[in-house]
Amino acid sequence: MAAEREPPPFGDGDVEAEGDDLEFREAEGGEDLFVSTTSTLESSPSSPEPASLPAEDISVKSNGPKSDTLLDDDHEDLFAEATDEVSLDSPEREHILSPEPTPPITPVSPTLIAPRSEIKISHPMMFDRSKEIEEEANGDTFDIHVSVSDPEKVGDGMNAYMAYRVSTKTTLSMFNSKEFTVKRRFSDFLGLHSKLAAKYMHVGYIVPPAPEKSLVGMTKVKVGKEDPSSADFVEKRRASLERYLQRTIKHPTLLQDPDLRQFLESSELPRAVNTQALSGAGILRMVNKAADAVNKMTIKMNESDAWFEEKQQQFENLDQQLRKLHTSVDLLVCHRKELSANTAAFAKSAAMLGNSEDHTALSRALSQLAEVEEKIDQLHQEQACADFYLFAELLSDYVRLISSVKGVFDYRMKCWQKWQDAQATLQKKREADAKLQYANKPDKMQQAKEEIREWEARVQQGERDFEQISKTIRKEVGRFEKERVKDFKTVIIKYLESLVQTQQQLIKYWEAFLPEAKAIA
Amino acid sequence: PGASLAAAAMMQEGLDDGPDFLSEEDRGPRPVIVDLQTDAILQVDISDALSERDKVKFTVHTKSTLPNFKQDEFSVVRQHEEFVWLHDAFVENEDYAGYVIPPAPPKPDFDASRDKLQKLGEGEGSMTKEEFTKMKQELEAEYLAIFKKTVAMHEVFLCRVAAHPVLRNDLNFHIFLEYNQDLSIRGKNKKEKLEDFFKNMVKTADEVLVGGVKDVDDFFEHEKTFLLEYNNRIKDAAVKADKLTKSHKNVADDNSRISSTLHTLGTQDSTDLCKFFLKVSELFEKTRKIEARVSADEDLKLSDLLRYYLRESQAGKDLLYRRARSLVDYENANKLLDRSRAKNKDVLQAETNQQLCCQKFEKLSESAKQELIDFKTRRVAAFRKNLVELAELELKHSKGHLQLLQSCLVALKGDN
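Residues numbered from 1 in each chain as written. Chains lettered and ligands numbered in written order. Predicted model: local features only at pLDDT ≥ 70, side-chain atom pairs only at ≥ 80, totals over all residues. Heavy atoms only, no water.

All right, on to the overall build of chain A then. When its secondary structure is counted, chain A shows 12 helices and 3 strands. Residues counted as buried form 58% of the 521 residues belonging to chain A. Pairs at least 24 apart in sequence give 79% of the contacts found in chain A among residues at least 6 apart. Carbon and sulfur atoms make up 53% of the accessible area of chain A, which amounts to about 22,200 Å² in all. (Helix = DSSP H or I, 4+ residues; strand = E, 2+ residues; numbered from the N terminus. Buried < 20%, exposed > 50% of the residue type's maximum accessible area, 1.4 Å probe, protein only. Contact = heavy atoms within 4.5 Å. Areas by Shrake-Rupley, 256 points an atom, 1.4 Å probe, with all protein chains shown as cover.)

Next comes the structure, spelled out in structure tokens:
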């Protein structure tokens, strides 16, 4: 493990501060790596890609020889899966894990307000979604549960990193045991995502994006600042890693993936190097860059695409509105935190005023007002947490998920284009062959015939691929939308319940204060 | 007996008339002040107000049986500067040195509100029609609220004066109430403003000087210590209460934006969520209204209360200062008398002067004591009233909010 800690030097050989979460030269490094990998894949005789699109897989290189064979196996599995017509109601596809967070808002909360409370790194999981064995109204059962917990700092200084405990409980037979726990670091998650994205996105599966990297957040944690803001950052990350895994295992196809299994089960995971290029956003950026190139061509699609066009537009609109909503909710979180701070300041001031007041009963009432306001401050803090962890994070998750959806649509376009290109090339080869007929050069004609056969095969494959990806996307979008509806309903209802709790508490506090105010004589 | 009891009750009510601004629910009848001696009624209120470009015109309406007024009921139009003139006239009047002079109302300030309305107008192109209309309504409501508040504050000032047994008979006050032409109060010119500034500076230095001397009278010594500290702390509390109220308003506004976007999502979603979003959007809009009310009520019952008693406690401090000044004058007169006697020169003059100073001081002390006791009574009553009302309003809004949330949740869960 230690040997793998140094990332291979990128082009300009700058000394990098080590750490798996530093975002240096992500774009350039990524692209360099991209190009080389693509060529590696295409030149390899036992190319694992039956689909003629390069897989754009960065991780093939990074994880040693083992993963190549895995990839082969996977592709067989992958295509078996795809043609298997896994119905929407198959048991594996059943709702595996509800993304519901825990209802009770306990006073010990990961506060988003910096100076005023002591935060330990491992505080009770307020919005821990995995502890629930929820029954949905339609009687789904749960075959697998995953949770991410107990962040622990490993090492010191800039080489430090956070290790998270990933715990799985399952009845599925594909796993070696029923309950198991491993330690993973952030780059491991990124590595998992990059592998899954590489394998599945280009054939139309919507792969959930990994959480974002954060240079500032992580640096603070590394440097050892034990302040509430770094605790908040770690908690935010832990929660987002958990949601990421839960979404991933809910996907019936991804759940079958051996890389995912290895991630959940293996005590030792080969270190995902080159993670500078592996952030979820990084991959999506690359995907979308490819997409942009595609979109610049005027692609005339045929009729069956009305559905696709419509869906793309819908997702575009949804994206726009979700981003807008997310900004507004972010602002709400901000203002709620301010409200909390101002309430606390007022409480102190009221206490001082109560001290000065020389009328005894009024003085006491003012002190009590100060106490009430202090308690209300605590309520605001908790509500700000709910605002963030339930509402804001839901929206930010979906903004990124939709990027993934858009990426998949763009892969389809690329696939179509490849098919068209193959047809064009075939046409050219046929013309060349026809010319050769007249020139009567037997050796060249043999070659020409061979090439024609080759390109005919490629055209057929291109058509098959296109139909396959179209079919997969239709299914995936159906599944995605179903999940989206469930997710939004569940989380927003949970959020409204948090608002209910806040109001109930407020009522208690003011009801307690009212007689005190009346008692002023 | 019956009449005087009722009269006493009304008198008490008049004294208790603390800064109960804007509680639209309980804007009860204006206190009718009955003078026990003359049995005359004096009722003052602001019956109307007009907000113009850069000024507010208040219609001051008086009902009185006092003989010196030409009519029983009459109205005049006054502007803010005239209220300030009246207040300053009281302050400068030596005869009123022993009273807590009702603090002048603050200047009407619509600048912030006007700026917001202007910005809204400029940004009209960048938002949907519904958003624009909604924001416009909100800003107009805000403008209206500020307007109502300034009316209330000016009214309270007049009521306090009308309730004061001596000030109510002040000639300037009567002119203010009755003279139906322009009082021609010009704003202070530069020179006068500069004079004021220096006067304040000298006063402050004196305050420190005089404040440092321990008073022989326990009551006043206590009052001095108390008022100095209280004034500072209530100033801080008023500032913090203001910030608190503004934060609440910000949270309210955020709810509005969230509601708008949810509405759009609801109209364009291709799944089941469209109904869901629309319901939640409605919830957030209603939440905004409630949060805005919470903010407004906190402003009224807490911020305004604190601000008002900040001004009153300042007036109390001013009274203490005047008494201390008068004490210094008295002590100086004593010293002068001693010197005169020693030199045996101008003794009579010195004696007269000393007697005058003595009388002035004692009269002032006596009325100051009563005034400060009344101030405390008023303050306690006002705080009690406002804190009770604050708690009641908070409860009302929280209960309303809770019910709103619960019925929305029932509807949302029922749809599943």
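A word on the overall build of chain B. The secondary structure content of chain B amounts to 9 helices and 4 strands. Its helices and strands taken in sequence order, chain B reads α-β-β-β-β-α-α-α-α-α-α-α-α from the N to the C terminus. Across the 416 residues of chain B, 49% fall into the buried class. A separation of at least 24 residues holds for 73% of the contacts in chain B among residues at least 6 apart in sequence. If you sum the accessible surface of chain B, you get close to 21,300 Å²; carbon and sulfur atoms cover 55% of it.

Next up on the list: the environment of B:Ala162. Residue and element names in this part refer to chain B. Checked against the element boundaries, alanine 162 lands in helix H4 (residues 129–163). A relative accessible area of 1% means that alanine 162 is categorised as buried. In this structure the C-alpha to C-alpha distance between alanine 162 and alanine 333, which are 171 residues apart in sequence, comes to 36 Å.

This brings us to unusual backbone geometry. Residues and elements named next belong to chain B. Positive phi is not limited to glycine here, since asparagine 344 has a value of about 55 degrees. As for its position among the elements, asparagine 344 is in the loop between helix H8 (273–343) and helix H9 (347–415). We note that aspartate 346 has phi near 55 degrees; this positive angle belongs to a residue other than glycine. Here aspartate 346 is to be found in the loop between H8 and H9. Taking relative accessible area as the criterion, aspartate 346 reaches 48% and is therefore assigned partly exposed.

Another point: the nonpolar core. Residues A:Leu245, A:Leu264, A:Leu496, A:Trp510, B:Leu306, B:Phe383 and B:Leu387 are the most contacted members of the largest nonpolar core, which totals 157 residues. Residue-level mapping places this core at the junction of two domains, with at least three residues from each of domain 1 (31–110 + 141–180) and domain 2 (218–415) of chain B. When neighbours within four sequence positions are excluded, A:Leu245 is seen to be in contact with A:Val146, A:Val148, A:Val166, A:Phe189, A:Leu192, A:Phe263 and A:Leu264. (Core = buried A, V, L, I, M, F, W, Y, C linked by side-chain atoms within 4.5 Å. Domains from an automatic or database assignment.)

All names here are of chain B. Only one face of strand S4 (residues 73–78) is buried, namely the one carrying Phe74, Val76 and Arg78, since none of Glu73, Ser75 and Val77 on the opposite face is buried. With 6 bridges connecting them, strand S3 (residues 56–64) and S4 associate as antiparallel partners. Note that in S4 the partner of threonine 59 across the bridge is valine 77. (Pairing = 2+ DSSP bridges.)

Time to look at the interface of chain B and chain A. Residue-level contacts link 63 residues of chain B with 57 residues of chain A. Carbon and sulfur atoms make up 71% of the area that chain B and chain A hide from each other, which totals about 5,500 Å². There are 7 salt bridges connecting chain B and chain A. Note that B:Arg379 and A:Asp358 form a salt bridge whose closest N and O atoms lie 3.2 Å from each other. The interface formed by chain B and chain A holds 20 residue pairs in polar contact (both at pLDDT 80 or more) in total. (Buried area = accessible area lost by both parts, 1.4 Å probe. Salt bridge = Lys/Arg side-chain N within 4 Å of Asp/Glu carboxyl O. Polar contact = N/O pair within 3.5 Å; in protein donor to acceptor, adjacent residues only side chain to side chain.)

Turning our eyes to something else, we now look at the side chain of B:Ser247. Mapped onto the secondary structure, B:Ser247 falls in helix H7 (residues 218–268). Exposure remark for B:Ser247: the relative accessible area of 2% places this residue in the buried category. Ignoring sequence-local partners within four residues, the contact set of B:Ser247 consists of A:Glu338, A:Leu339 and A:Asn342.

Moving on to the environment of A:His335. Assignment of secondary structure puts A:His335 in helix H10 (residues 306–356). With near-sequence residues (within four places) excluded, A:His335 lies in contact with B:Asn250, B:Val251 and B:Asp254. Within the local environment of A:His335, its side chain forms a polar contact with the side chain of B:Asp254, the two groups lying 2.5 Å apart.

The next subject is helix H8 (residues 258–265) of chain A. All names here are of chain A. Of all the 8 residues making up H8, 6 are buried; the element is thus mostly covered by neighbouring parts of the structure. Among the residues of H8, Pro258, Asp259, Leu260, Gln262, Phe263 and Leu264 are the ones counted as buried. N-capping of H8 is provided by aspartate 257, with a side-chain oxygen placed 2.6 Å from the backbone N of aspartate 259.

A word on the UniProt feature "coiled-coil region" (unreviewed entry) in chain A. UniProt's feature table lists "coiled-coil region" (unreviewed entry) at residues 438–472 of chain A, given in the numbering used throughout. Along residues 438–472 of chain A one finds 94% helix and 0% strand; the C-alpha atoms at either end are 46 Å apart. (UniProt positions renumbered as here; feature names shortened; annotations may be inferred.)

On to the sheet that holds strand S1 (residues 144–154) of chain A, then. Residue and element names in this part refer to chain A. The sheet built from 3 strands is open, its strands ordered S1-S2-S3 with antiparallel pairing. With partners counted over all chains shown, the strands left at the sheet margins are S1 and strand S3 (179–185), one partner each. Each adjacent strand pair in this sheet contributes to an overall mean axis angle of 20 degrees, direction not counted. Summarising the sheet, S1 and strand S2 (residues 161–170) pair through 9 bridges and their orientation is antiparallel. (Axes fitted to C-alpha atoms, helices over the stretch in contact; angles between N-to-C directions.)

Quick look at the confidence of the model for chain A now. All names here are of chain A. With 66% of its residues at a pLDDT of 70 or more, chain A has an overall mean of 75. This stretch, residues 1–126, has a pLDDT under 50; its non-local contacts, to residues over four places away or in other chains, come to 253 contacts. Across residues 128–140, where pLDDT falls below 50, the model places 36 contacts with residues more than four positions away in sequence or in other chains. (pLDDT = per-residue confidence, 0-100.)

What follows is about the packing of H10(A) against H7(B). Any two packed helices are characterised by the angle at which their axes cross and by the distance between the axes. Put simply, H10(A) and H7(B) touch, their axes get as near as 8 Å, and they point 165 degrees apart. Classified by the angle their axes make, H10(A) and H7(B) are roughly antiparallel. The two elements H10(A) and H7(B) cross, and the hand of that crossing is left-handed. By residue class, the composition of the contact of H10(A) with H7(B) is 21 nonpolar, 16 polar and 10 charged. (Parallel < 35°, antiparallel > 145°, perpendicular 65-115°, else oblique. Left-handed = near helix turned anticlockwise from the far one by under 90°. Nonpolar A, V, L, I, M, F, W, Y, C, P; charged D, E, K, R; others polar.)

A separate point is the side chain of A:Lys311. With respect to the secondary-structure elements, A:Lys311 resides in helix H10. No salt bridge is formed by the buried A:Lys311; the nearest opposite charge belongs to A:Glu481, separated by 4.4 Å. (Lys, Arg positive; Asp, Glu negative; His and termini not counted.)

What follows is about the pattern of salt bridges. Overall, the coordinates contain 59 salt bridges over all chains when judged by the stated rule. Between B:Lys149 and B:Asp299 there is a salt bridge; the shortest N-O distance is 2.3 Å. Here B:Lys149 is found in helix H4, whereas its partner B:Asp299 is found in helix H8, with 150 residues between them in sequence. No difference in accessibility class separates B:Lys149 from B:Asp299, as the two residues are buried. Three or more residues joined by partner-sharing salt bridges are found here, namely A:Glu212, A:Arg243, A:Arg247, A:Glu393, A:Asp397, A:Arg400 and A:Asp487.

Within the structure shown, the criterion is met by 0 disulfides over all chains. B:Cys408 provides the cysteine sulfur closest to B:Cys274, a residue in no disulfide bond, and the two sulfurs are 15 Å apart. (Disulfide = S-S within 2.5 Å.)

A few words on the domain arrangement of chain B. When the parts of a complex come together, some accessible area is lost, and that lost area is often used as the size of the interface. All names here are of chain B. Split into domains, chain B comes out as domain 1 (31–110 + 141–180) and domain 2 (218–415). Relative placement of domain 1 and domain 2: their C-alpha centres are 21 Å apart. Between domain 1 and domain 2, the buried area comes to about 1,500 Å², and carbon and sulfur atoms account for 50% of it. At the boundary of domain 1 with domain 2, the tally comes to 5 salt bridges. Between arginine 160 and glutamate 312 there is a salt bridge whose closest N-O contact spans 2.6 Å. Applying the counting criterion to the domain 1 and domain 2 interface returns 12 residue pairs in polar contact (both at pLDDT 80 or more). Looking at the side of domain 1 that touches domain 2, its residues break down into 10 nonpolar, 2 polar and 5 charged.

Residues and elements named next belong to chain B. In the predicted model, chain B carries a mean pLDDT of 84, and the fraction of residues at 70 or more is 85%. No element of chain B has a lower mean pLDDT than helix H1 (residues 2–15), at 35, and none a higher one than H9, at 94. Between residues 1–29, whose pLDDT stays under 50, and residues either more than four places distant or in other chains, the model counts 47 contacts. The ipTM assigned to the predicted complex is 0.84, against a pTM of 0.76.

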